[in-house]
Amino acid sequence: MELYTARWEPSTGWSRPLPAWDGPGTLVMAYGSSELLADPAPISALAAAYPSSHLVGCSTAGEILADSVTDESITVAVCRFADTRITLAYERVTDPGESYRAGAALARQLRAGEPDLKAIFVLSDGTGVNGSPLVAGLADTAGPQVLIAGGLAGDGPRFERTWVLVDGQPRSGYVSAVGLAGPRLRIGHGSGGGWDIFGPERRVTRSVGNVLFELDGQPALALYKKYLGDRVAGLPATALLFPLAVRAPGADDRRLVRTILNLDEETQSLTFAGDVPEGSLAQLMRANLDRLVDGAHAAAADSGTVPEGAALAVAVSCVGRRLILGDRTEDELEAVLGALPPGVEMIGFYSYGEIASIVAGTCDLHNETMTIATFWEAA
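What you see is a predicted model, and the numbers here were worked out from it, not measured in a lab. The residue numbers shown here count from 1 along each chain, following its written sequence. Where local features are concerned, this predicted model is filtered to residues with pLDDT of at least 70; where side-chain atom pairs are given and counted, the filter is 80 or more; whole-chain, interface and lining totals use all residues. Calculated side-chain values reflect all of the structure's heavy atoms, with hydrogen atoms and water omitted.

J.: How would you summarise the pattern of salt bridges if you had to cite specific residues and measurements?
T.: A pairing counts as a salt bridge when a side-chain nitrogen of Lys or Arg comes within 4 Å of a carboxyl oxygen of Asp or Glu. Inspection of the entire model under this criterion finds 15 salt bridges. Taking the shortest distance from any N to any O, the salt bridge between Glu91 and Arg101 comes out at 2.9 Å. Of this pair, Glu91 sits in strand S8 (residues 85–92) while Arg101 sits in helix H2 (residues 99–113), placing them 10 residues apart in sequence. Only protein chains enter the area calculation, which uses a 1.4 Å probe; residues under 20% of their type maximum are buried, those over 50% are exposed, and those in between are partly exposed. A relative accessible area of 35% places Arg101 in the partly exposed class. A salt bridge links Glu214 to Arg206; the shortest N-O distance between them is 3.8 Å. Judged by its relative accessible area of 24%, Glu214 falls in the partly exposed class. We count a stretch as a helix when DSSP gives it H or I for four or more residues in a row; a strand needs E for two or more, and each element gets its number in order from the N terminus.

As structure tokens, this is what we get:
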């Protein structure tokens, strides 16, 4: 496996020339600004350079390359595998209610093309897809032996428009998935948070999918605003600072973090990036900067025994973490690299939702986490 990473910026172009590695064994990842939806010329040029390769990517809330994050740029990883088979599938999603169907359809397509599928890396529209049923559809159909990782596309703190690459072009309303298989392919995964829980635990008394209407019988938005205080004026962006920890009764060891995407004053409801099931228990969370950085380090440390040299680490972290960390954002990227062996190349993005396994055989949509997926080929 050969690896090459680079960054494109409007004022300087590519940080170094891209390699001439086009071919069916090459996977190209590209993460960039949401503005590329209106002006896709740099992405089109990238697609033209790799016509027979597999090109995947999405818009972001910040583009990661090694230990730095930029905006209004494109970060690219070119991976030329020696003995790994790659397949690519897309599904259109016109309504969040289609999310499970889309996930199941993607997994069926990838499995039909590759019965020995080992991993699925999925990138989804970040505002028009419900990530929880999307992941459930993928996992239910692919089976527990297939590792699933990826994330929801971002649009900075704006939550207006996101894109996913479809046939080399940025398009809204799609989910893309790349399937990987081969006897030498190795995969690792890790996920870490670092948020502190505070306040009383409340029961979700009314919700529909990812829309929360009531907590303990009270309107969810009104209750939430009490905790925000002066930050109410900045909603929905300021809600990223106070996500919810959601768990099923009796499941203390499996809390999922949920981030607010939107709110509705008329219904006093909150819309999240993933499901908030009725009957579950929810509790507010707030940031501890040192613990966020420690959580990122733990995610990388949990990603398995990655060898020195040619290995790709894909970091997907939440936009809320970036807003909280501010000037310390690159601290969490340095913490990730510090837990990985020398020579590992890292690329990734800040997202509206992270897709990762906590333990083998499971997969969930996460919010406000740092997730790591590593890929390499054994000798």
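Structure shown, so let's carry the discussion forward.
J.: Let's hear about helix H5 (residues 289–301): which residues, and what values?
T.: Two residues of an α-helix separated by three or four positions point the same way, owing to the 3.6 residues in each turn. Taking 1.5 Å of rise per residue, 13 residues should cover 18 Å, and H5 covers 19 Å from first to last C-alpha, within 8% of that figure. Of all the positions in H5, only Leu292, Val293, Gly295, Ala296, Ala299 and Ala300 are classed as buried. One face of H5 carries all of its buried residues, which in axial projection span an arc of 155°. Capping the start of H5, Asn288 holds a side-chain oxygen 3.2 Å from the backbone nitrogen of Asp290, two or three residues further along. Take the residue count of a helix, subtract one, and multiply by 1.5 Å to get its expected span. Arc definition: directions from the helix axis to the C-beta atoms. We define a polar contact as two N or O atoms separated by no more than 3.5 Å, with the added condition that, inside protein, one atom must be a possible hydrogen donor and the other a possible acceptor, whereas residues neighbouring each other in sequence contribute only through side-chain atom pairs.

J.: Any chance you could break down the packing of aromatic side chains for me, citing the residues and the numbers?
T.: Within a pair of aromatic rings, the relevant descriptors are the distance that separates the centres and the angle that separates the planes. Pairs were defined over the aromatic rings of Phe, Tyr and Trp, the Trp ring being its six-membered one, requiring ring centres within 6.5 Å. Orientation was assigned from the angle between planes: stacked under 30 degrees, edge-to-face over 60, tilted for the rest. What the rule picks out here adds up to six aromatic pairs. When the centroid spacing of 6.4 Å and the interplanar angle of 80° are considered together, the rings of Phe121 and Phe375 count as edge-to-face. With Phe121 in strand S9 (residues 119–124) and Phe375 in strand S27 (residues 370–377), this pair connects stretches of sequence that are 254 residues apart. Its relative accessible area of 4% is what places Phe121 among the buried residues.

J.: Any chance you could break down the sheet that holds S27 for me, citing the residues and the numbers?
T.: Sheet strands associate in pairs through backbone hydrogen bonding, adopting either a parallel or an antiparallel arrangement. At least two bridges found by DSSP between two strands is the condition for calling them paired. The strand order S6-S5-S24-S23-S27-S14 describes an open sheet built from six strands, whose pairing is mixed. Of all the strands in the sheet, just strand S6 (68–70) and strand S14 (185–192) have a single pairing partner and so form its edges. Pairs of neighbouring strands in the sheet enclose a mean axial angle of 20°, with direction left out of account. Inspection of the sheet shows strand S23 (residues 311–318) paired to strand S24 (residues 345–351) by seven bridges, in the parallel sense. Paired with Val314 across the strands is Ile347, a residue of S24. Fitted lines through C-alpha atoms serve as axes, helices being fitted only where they are in contact, and the angles separating the N-to-C directions of these axes extend from 0 to 180 degrees.

J.: Lay out H2 in plain terms, naming residues and giving numbers.
T.: With 15 residues, H2 should cover 21 Å at 1.5 Å per step; its first-to-last C-alpha distance of 22 Å lies within 8% of that length. Residues Ser99, Ala102, Gly103, Ala104, Ala105, Leu106, Ala107 and Leu110 constitute the buried set of H2. Its buried side turned inward, H2 meets S8, S9, helix H3 (131–142) and strand S13 (174–181). Here a residue-residue contact requires only that any non-hydrogen atoms of the pair lie within 4.5 Å.

J.: Which residues make up the pairing of strand S1 (residues 2–9), and what values go with them?
T.: Burial of S1 is extensive: six of the eight residues sit out of reach of the surface. One ladder, built from seven bridges, connects S1 with strand S7 (residues 74–80); its direction is antiparallel. Each residue of the ladder has a partner; that of Tyr4, found in S7, is Val78. Inspection of the sheet shows S1 paired to strand S2 (residues 13–14) by two bridges, in the antiparallel sense. Following the sheet pairing, Trp8 is matched in S2 by Trp14. In this structure, the hairpin formed by S1 and S2 is closed by a connection of three residues.

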